[in-house]
Amino acid sequence: MSLAPRAVLVHRTTEYEELVARHGTHGQAAFFLSSRGRDIEEIAERHRRTRRALAEVTAAIPLTWRQTRVERTDLDRFLFAPEDVVVVVGQDGLVANAAKYLAGQPVVGIDTDPGRNPGVLVRHRPADARTLLPSVLAPGTGTTDLTMVEAVADDTQRLLALNEIYLGAPGHQTARYRLGLDDDGGAVEAQASSGVLVGTGTGATGWIRSVWQERSAGDTGLRLPAPTEDRLVWFVREAWPSPATGTSLVAGELTPDARLTLTVESERLIAFGDGIETDAVELTWGQRVRVGRAGTALRLVG
(Lines give C-alpha, C1' and ligand atoms only; values in the text may rest on other atoms or scores of the structure.)
Protein backbone atom coordinates (compact mmCIF):
# COMPACT_ATOMS: atom_id res chain seq x y z
CA MET A 1 0.00 0.00 0.00
CA SER A 2 1.51 3.32 -1.11
CA LEU A 3 1.75 6.27 1.24
CA ALA A 4 -0.57 9.23 0.82
CA PRO A 5 1.13 12.32 -0.59
CA ARG A 6 2.70 14.65 1.93
CA ALA A 7 2.56 18.41 1.43
CA VAL A 8 5.75 20.03 2.70
CA LEU A 9 5.23 23.76 3.22
CA VAL A 10 8.57 25.56 2.98
CA HIS A 11 8.64 29.04 4.47
CA ARG A 12 11.03 31.44 6.14
CA THR A 13 10.99 33.64 9.20
CA THR A 14 9.69 37.08 8.24
CA GLU A 15 11.62 40.32 8.68
CA TYR A 16 9.09 41.34 11.32
CA GLU A 17 9.64 38.14 13.33
CA GLU A 18 13.41 38.62 13.13
CA LEU A 19 13.11 42.21 14.37
CA VAL A 20 10.86 41.27 17.31
CA ALA A 21 13.16 38.37 18.22
CA ARG A 22 16.15 40.73 18.22
CA HIS A 23 14.53 43.58 20.16
CA GLY A 24 12.16 41.63 22.43
CA THR A 25 8.82 43.32 21.74
CA HIS A 26 6.89 44.98 18.93
CA GLY A 27 7.25 48.35 20.68
CA GLN A 28 11.03 48.08 21.02
CA ALA A 29 11.35 47.06 17.37
CA ALA A 30 9.12 49.97 16.31
CA PHE A 31 11.26 52.40 18.37
CA PHE A 32 14.47 51.05 16.84
CA LEU A 33 13.14 51.56 13.29
CA SER A 34 11.62 54.98 14.02
CA SER A 35 14.99 56.19 15.30
CA ARG A 36 16.29 55.43 11.82
CA GLY A 37 13.43 57.04 9.95
CA ARG A 38 11.58 53.79 9.22
CA ASP A 39 8.00 52.74 10.01
CA ILE A 40 7.49 49.21 11.31
CA GLU A 41 3.99 49.06 9.84
CA GLU A 42 5.27 48.34 6.33
CA ILE A 43 7.23 45.33 7.61
CA ALA A 44 4.37 44.22 9.86
CA GLU A 45 1.96 44.29 6.92
CA ARG A 46 4.28 42.08 4.84
CA HIS A 47 4.40 39.72 7.82
CA ARG A 48 0.60 39.59 7.98
CA ARG A 49 0.36 38.89 4.24
CA THR A 50 2.81 36.02 4.60
CA ARG A 51 0.89 34.51 7.53
CA ARG A 52 -2.41 34.84 5.66
CA ALA A 53 -0.86 33.13 2.64
CA LEU A 54 0.43 30.25 4.78
CA ALA A 55 -3.00 29.81 6.36
CA GLU A 56 -4.75 29.88 2.98
CA VAL A 57 -2.38 27.35 1.44
CA THR A 58 -2.60 25.09 4.49
CA ALA A 59 -6.41 25.10 4.25
CA ALA A 60 -6.18 24.12 0.57
CA ILE A 61 -4.21 20.91 1.19
CA PRO A 62 -6.43 17.89 0.39
CA LEU A 63 -7.77 16.21 3.52
CA THR A 64 -6.37 12.83 2.46
CA TRP A 65 -2.82 14.19 2.33
CA ARG A 66 -0.34 14.35 5.15
CA GLN A 67 1.33 17.69 5.78
CA THR A 68 4.27 19.30 7.55
CA ARG A 69 6.20 22.54 7.57
CA VAL A 70 9.91 23.32 7.37
CA GLU A 71 11.60 26.66 7.94
CA ARG A 72 14.43 27.70 5.61
CA THR A 73 17.15 27.38 8.24
CA ASP A 74 16.12 23.75 8.86
CA LEU A 75 16.21 22.62 5.23
CA ASP A 76 19.64 20.99 5.53
CA ARG A 77 18.31 18.79 8.36
CA PHE A 78 14.94 17.93 6.84
CA LEU A 79 14.43 14.57 5.13
CA PHE A 80 12.33 14.91 1.98
CA ALA A 81 10.52 11.77 0.81
CA PRO A 82 9.71 10.58 -2.74
CA GLU A 83 5.95 11.09 -2.22
CA ASP A 84 6.31 14.73 -1.14
CA VAL A 85 4.73 17.69 -2.89
CA VAL A 86 6.87 20.68 -1.98
CA VAL A 87 4.93 23.93 -1.58
CA VAL A 88 7.20 26.95 -1.26
CA VAL A 89 5.39 29.92 0.26
CA GLY A 90 7.50 33.04 -0.06
CA GLN A 91 10.05 34.53 -2.44
CA ASP A 92 11.78 33.19 -5.54
CA GLY A 93 14.98 32.66 -3.59
CA LEU A 94 13.23 30.29 -1.22
CA VAL A 95 12.59 27.89 -4.13
CA ALA A 96 16.31 27.90 -4.89
CA ASN A 97 17.08 27.29 -1.21
CA ALA A 98 14.90 24.15 -1.22
CA ALA A 99 15.90 22.85 -4.68
CA LYS A 100 19.30 21.52 -3.64
CA TYR A 101 17.70 19.08 -1.17
CA LEU A 102 15.19 17.58 -3.62
CA ALA A 103 15.29 14.62 -5.97
CA GLY A 104 12.56 15.18 -8.53
CA GLN A 105 9.64 16.02 -6.24
CA PRO A 106 7.17 18.51 -7.77
CA VAL A 107 7.53 22.06 -6.46
CA VAL A 108 4.72 24.62 -6.30
CA GLY A 109 5.84 28.21 -5.78
CA ILE A 110 3.36 30.51 -4.01
CA ASP A 111 4.09 34.24 -4.14
CA THR A 112 3.23 35.94 -0.84
CA ASP A 113 4.04 39.45 -2.06
CA PRO A 114 3.11 39.93 -5.76
CA GLY A 115 4.73 42.98 -7.27
CA ARG A 116 7.61 42.90 -4.81
CA ASN A 117 8.89 39.48 -5.92
CA PRO A 118 9.84 38.91 -9.58
CA GLY A 119 7.71 35.75 -9.56
CA VAL A 120 10.12 33.76 -11.74
CA LEU A 121 9.88 30.68 -9.48
CA VAL A 122 6.90 31.53 -7.26
CA ARG A 123 4.41 31.63 -10.12
CA HIS A 124 1.13 31.19 -8.26
CA ARG A 125 -1.01 33.12 -5.80
CA PRO A 126 -2.28 31.74 -2.47
CA ALA A 127 -5.84 31.59 -3.86
CA ASP A 128 -4.65 29.24 -6.63
CA ALA A 129 -3.69 26.54 -4.14
CA ARG A 130 -7.25 25.26 -3.67
CA THR A 131 -7.50 24.08 -7.30
CA LEU A 132 -3.79 23.62 -7.98
CA LEU A 133 -2.71 21.27 -5.17
CA PRO A 134 -5.25 18.47 -5.80
CA SER A 135 -4.18 18.36 -9.46
CA VAL A 136 -0.41 18.40 -8.95
CA LEU A 137 -0.04 14.61 -9.11
CA ALA A 138 -2.57 14.10 -11.90
CA PRO A 139 -1.31 12.94 -15.31
CA GLY A 140 -0.74 15.80 -17.68
CA THR A 141 -0.03 18.42 -15.04
CA GLY A 142 2.36 20.91 -16.57
CA THR A 143 5.83 21.05 -15.05
CA THR A 144 9.06 22.71 -16.16
CA ASP A 145 12.39 20.98 -15.60
CA LEU A 146 14.93 23.63 -14.59
CA THR A 147 18.60 22.80 -15.08
CA MET A 148 20.74 22.59 -11.95
CA VAL A 149 24.51 22.73 -11.38
CA GLU A 150 26.59 20.43 -9.21
CA ALA A 151 30.08 20.38 -7.73
CA VAL A 152 31.68 17.04 -6.86
CA ALA A 153 34.93 16.93 -4.88
CA ASP A 154 37.47 14.13 -5.09
CA ASP A 155 36.52 13.03 -1.58
CA THR A 156 32.88 12.48 -2.78
CA GLN A 157 31.46 15.67 -1.23
CA ARG A 158 28.65 16.85 -3.49
CA LEU A 159 26.81 20.15 -3.76
CA LEU A 160 23.71 20.99 -5.81
CA ALA A 161 22.37 24.44 -6.71
CA LEU A 162 19.60 25.90 -8.84
CA ASN A 163 21.15 29.31 -9.56
CA GLU A 164 24.90 29.12 -9.20
CA ILE A 165 27.82 27.60 -7.34
CA TYR A 166 30.57 29.81 -5.97
CA LEU A 167 34.07 28.45 -5.40
CA GLY A 168 36.53 30.60 -3.52
CA ALA A 169 38.01 31.60 -0.20
CA PRO A 170 35.86 32.09 2.92
CA GLY A 171 35.23 35.80 3.35
CA HIS A 172 35.79 36.30 -0.40
CA GLN A 173 39.52 36.86 0.01
CA THR A 174 42.04 35.87 -2.65
CA ALA A 175 41.66 32.26 -3.78
CA ARG A 176 44.56 30.39 -5.37
CA TYR A 177 43.92 27.35 -7.55
CA ARG A 178 44.49 25.76 -10.93
CA LEU A 179 41.57 25.96 -13.36
CA GLY A 180 41.03 23.46 -16.15
CA LEU A 181 38.47 22.65 -18.84
CA ASP A 182 37.67 19.07 -19.83
CA ASP A 183 36.69 20.03 -23.37
CA ASP A 184 39.48 22.49 -24.15
CA GLY A 185 42.36 20.18 -24.90
CA GLY A 186 43.33 19.95 -21.28
CA ALA A 187 44.09 23.66 -20.91
CA VAL A 188 45.01 24.47 -17.30
CA GLU A 189 45.90 27.83 -15.75
CA ALA A 190 47.10 28.83 -12.29
CA GLN A 191 44.97 31.71 -11.01
CA ALA A 192 44.53 34.08 -8.09
CA SER A 193 41.07 35.62 -7.96
CA SER A 194 37.99 36.49 -5.93
CA GLY A 195 36.51 33.12 -6.84
CA VAL A 196 34.70 31.31 -9.62
CA LEU A 197 30.97 31.32 -10.40
CA VAL A 198 29.27 28.57 -12.40
CA GLY A 199 25.60 29.21 -13.11
CA THR A 200 22.44 28.02 -14.82
CA GLY A 201 19.79 29.77 -16.88
CA THR A 202 17.78 30.31 -13.72
CA GLY A 203 20.81 31.93 -12.12
CA ALA A 204 21.15 34.13 -15.20
CA THR A 205 18.47 36.38 -13.67
CA GLY A 206 20.66 37.12 -10.64
CA TRP A 207 24.34 37.03 -9.65
CA ILE A 208 25.49 35.49 -12.94
CA ARG A 209 23.76 38.23 -14.93
CA SER A 210 25.43 40.97 -12.91
CA VAL A 211 28.88 39.53 -13.63
CA TRP A 212 27.97 39.03 -17.30
CA GLN A 213 26.86 42.65 -17.63
CA GLU A 214 30.00 43.98 -15.95
CA ARG A 215 32.14 42.06 -18.44
CA SER A 216 30.31 43.56 -21.44
CA ALA A 217 29.79 39.95 -22.43
CA GLY A 218 28.19 40.94 -25.71
CA ASP A 219 31.70 41.73 -26.96
CA THR A 220 32.82 38.15 -26.31
CA GLY A 221 29.72 36.56 -27.81
CA LEU A 222 28.90 34.67 -24.60
CA ARG A 223 25.14 34.20 -24.43
CA LEU A 224 23.36 33.51 -21.15
CA PRO A 225 21.35 30.25 -21.15
CA ALA A 226 17.60 29.88 -20.66
CA PRO A 227 16.41 28.14 -17.45
CA THR A 228 15.65 24.85 -19.23
CA GLU A 229 18.85 24.75 -21.32
CA ASP A 230 21.46 22.15 -20.40
CA ARG A 231 24.19 24.72 -21.01
CA LEU A 232 25.95 26.46 -18.10
CA VAL A 233 28.14 29.57 -17.99
CA TRP A 234 31.12 30.32 -15.77
CA PHE A 235 33.09 33.41 -14.77
CA VAL A 236 36.27 34.04 -12.81
CA ARG A 237 35.87 37.09 -10.57
CA GLU A 238 38.72 39.61 -10.57
CA ALA A 239 41.49 37.34 -11.81
CA TRP A 240 44.91 38.77 -10.92
CA PRO A 241 47.79 38.63 -13.46
CA SER A 242 51.25 37.93 -12.07
CA PRO A 243 54.37 35.98 -13.04
CA ALA A 244 52.78 32.90 -11.46
CA THR A 245 49.07 33.41 -12.29
CA GLY A 246 47.20 34.08 -15.52
CA THR A 247 43.96 35.58 -16.78
CA SER A 248 43.35 33.80 -20.07
CA LEU A 249 40.60 31.46 -18.73
CA VAL A 250 38.10 33.86 -17.17
CA ALA A 251 34.72 33.07 -18.79
CA GLY A 252 33.01 30.46 -20.91
CA GLU A 253 30.22 27.97 -21.21
CA LEU A 254 29.85 24.30 -20.33
CA THR A 255 27.99 21.89 -22.57
CA PRO A 256 25.92 19.13 -20.89
CA ASP A 257 28.82 16.70 -20.45
CA ALA A 258 31.63 19.21 -19.92
CA ARG A 259 33.17 19.95 -16.53
CA LEU A 260 35.17 22.81 -15.08
CA THR A 261 37.95 21.46 -12.84
CA LEU A 262 39.46 23.42 -9.98
CA THR A 263 42.50 22.17 -8.04
CA VAL A 264 42.99 23.94 -4.72
CA GLU A 265 46.28 25.75 -4.07
CA SER A 266 45.14 27.56 -0.91
CA GLU A 267 44.99 26.35 2.66
CA ARG A 268 41.19 26.39 2.54
CA LEU A 269 38.56 27.05 -0.12
CA ILE A 270 34.82 26.48 -0.02
CA ALA A 271 32.04 25.82 -2.52
CA PHE A 272 28.49 26.90 -1.75
CA GLY A 273 25.30 27.15 -3.74
CA ASP A 274 22.62 29.82 -4.11
CA GLY A 275 24.14 32.11 -1.50
CA ILE A 276 23.93 29.64 1.40
CA GLU A 277 27.45 29.81 2.86
CA THR A 278 26.44 27.85 5.96
CA ASP A 279 25.98 24.70 3.86
CA ALA A 280 29.30 24.57 2.06
CA VAL A 281 31.74 21.97 0.75
CA GLU A 282 35.12 22.39 2.46
CA LEU A 283 38.23 22.03 0.27
CA THR A 284 41.89 21.91 1.29
CA TRP A 285 45.23 22.14 -0.49
CA GLY A 286 45.57 19.73 -3.39
CA GLN A 287 41.91 18.72 -3.53
CA ARG A 288 40.11 18.73 -6.84
CA VAL A 289 36.49 19.63 -7.52
CA ARG A 290 34.61 19.26 -10.81
CA VAL A 291 31.62 21.46 -11.64
CA GLY A 292 29.01 20.91 -14.35
CA ARG A 293 25.38 20.22 -15.13
CA ALA A 294 23.64 18.13 -12.47
CA GLY A 295 21.94 14.88 -13.35
CA THR A 296 18.78 16.02 -11.57
CA ALA A 297 16.53 18.99 -12.35
CA LEU A 298 13.97 21.01 -10.40
CA ARG A 299 10.39 20.03 -11.33
CA LEU A 300 8.53 23.33 -11.09
CA VAL A 301 4.73 23.19 -11.42
CA GLY A 302 3.17 25.75 -13.75
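The following refers to the structure shown.

So, how was this worked out
- Residues numbered from 1 in each chain as written.
- Predicted model: local features only at pLDDT ≥ 70, side-chain atom pairs only at ≥ 80, totals over all residues.
- Heavy atoms only, no water.
- Helix = DSSP H or I, 4+ residues; strand = E, 2+ residues; numbered from the N terminus.
- Buried < 20%, exposed > 50% of the residue type's maximum accessible area, 1.4 Å probe, protein only.
- Core = buried A, V, L, I, M, F, W, Y, C linked by side-chain atoms within 4.5 Å.
- Phe/Tyr/Trp six-rings, centres within 6.5 Å; stacked < 30°, edge-to-face > 60°.
- Axes fitted to C-alpha atoms, helices over the stretch in contact; angles between N-to-C directions.
- Parallel < 35°, antiparallel > 145°, perpendicular 65-115°, else oblique.
- Contact = heavy atoms within 4.5 Å.
- Nonpolar A, V, L, I, M, F, W, Y, C, P; charged D, E, K, R; others polar.
- Lys, Arg positive; Asp, Glu negative; His and termini not counted.
- Salt bridge = Lys/Arg side-chain N within 4 Å of Asp/Glu carboxyl O.
- Polar contact = N/O pair within 3.5 Å; in protein donor to acceptor, adjacent residues only side chain to side chain.
- Pairing = 2+ DSSP bridges.
- Arc of directions from axis to C-beta.

Below, the discussion takes up unusual backbone geometry. Unlike most non-glycine residues, Glu238 shows phi in positive territory, near 50 degrees. Here the phi dihedral of Asp274 falls at roughly 55 degrees; this positive angle occurs in a residue that is not glycine. Within the secondary structure, Asp274 sits in the loop between β14 (268-273) and β15 (281-284). Residue classification places Asp274 among the buried positions, given a relative accessible area of 10%.

A separate point is the nonpolar core. Generally speaking, soluble globular proteins have nonpolar side chains that are buried together. Formed by 29 residues in total, the largest nonpolar core has its most connected members in Leu167, Val198, Trp234 and Leu262. Among the elements that take part in this core, strand β8 (residues 175-181) stands out by supplying four residues, more than any other.

With that out of the way, let us pick up the packing of aromatic side chains. One pass over the structure, following the stated rule, counts three aromatic pairs. Between Tyr166 and Trp207, the ring centres sit 5.9 Å apart and the planes meet at 20 degrees, which makes this aromatic pair stacked. With Tyr166 in strand β7 (residues 164-168) and Trp207 in helix α6 (residues 207-214), this residue pair connects regions lying 41 residues apart in the sequence. Ring geometry for Tyr166 versus Phe272: centroids 5.1 Å apart, planes at 40 degrees, classification tilted. With Tyr166 in strand β7 and Phe272 in strand β14, this residue pair connects regions lying 106 residues apart in the sequence. Pair check on accessibility: Tyr166 and Phe272 agree, each one buried.

Further remarks concern the packing of helix α1 (residues 15-23) against helix α2 (residues 26-34). The geometry of α1 relative to α2 is characterised by a closest axis approach of 8 Å and an angle of 100 degrees between their N-to-C directions. With respect to each other, α1 and α2 are oriented roughly perpendicular. Of α2, the residues touching α1 (which contributes Tyr16, Leu19, Val20 and His23) are His26, Gln28, Ala29, Phe32 and Leu33. Considering only residue class, the contact of α1 with α2 consists of six nonpolar, three polar and no charged.

This paragraph deals with the side chain of Asp92. Tracing the sequence through the fold places Asp92 in helix α4 (residues 92-99). No salt bridge is formed by the buried Asp92; its nearest oppositely charged neighbour, Arg123, is found at 7.2 Å. At 3.0 Å, the side chain of Asp92 and the backbone nitrogen of Val122 are in polar contact. When neighbours within four sequence positions are excluded, Asp92 is seen to be in contact with Asn117, Pro118, Gly119, Val120, Leu121 and Val122.

This part is about the pairing of strand β5 (residues 143-153). Here β5 pairs with strand β16 (residues 288-301) via 10 bridges, running antiparallel. Counterpart to Ala151 in the pairing with β16 is Val291. Sheet analysis places β5 next to strand β6 (residues 158-161), joined by four bridges and oriented antiparallel. Bridge pairing links Ala151 to Leu159 in β6. Taking the residues that link successive antiparallel strands as the turn, the β5-β6 hairpin has four residues, and the phi of Thr156 there is positive, at about 80 degrees.

Here the focus is α2. Listing the buried residues of α2 in full gives Ala29, Ala30 and Leu33. End-on view of α2: buried residues confined to an arc of 100 degrees, all on one side of the axis. On its buried side, α2 packs onto α1 and α3 (40-60).

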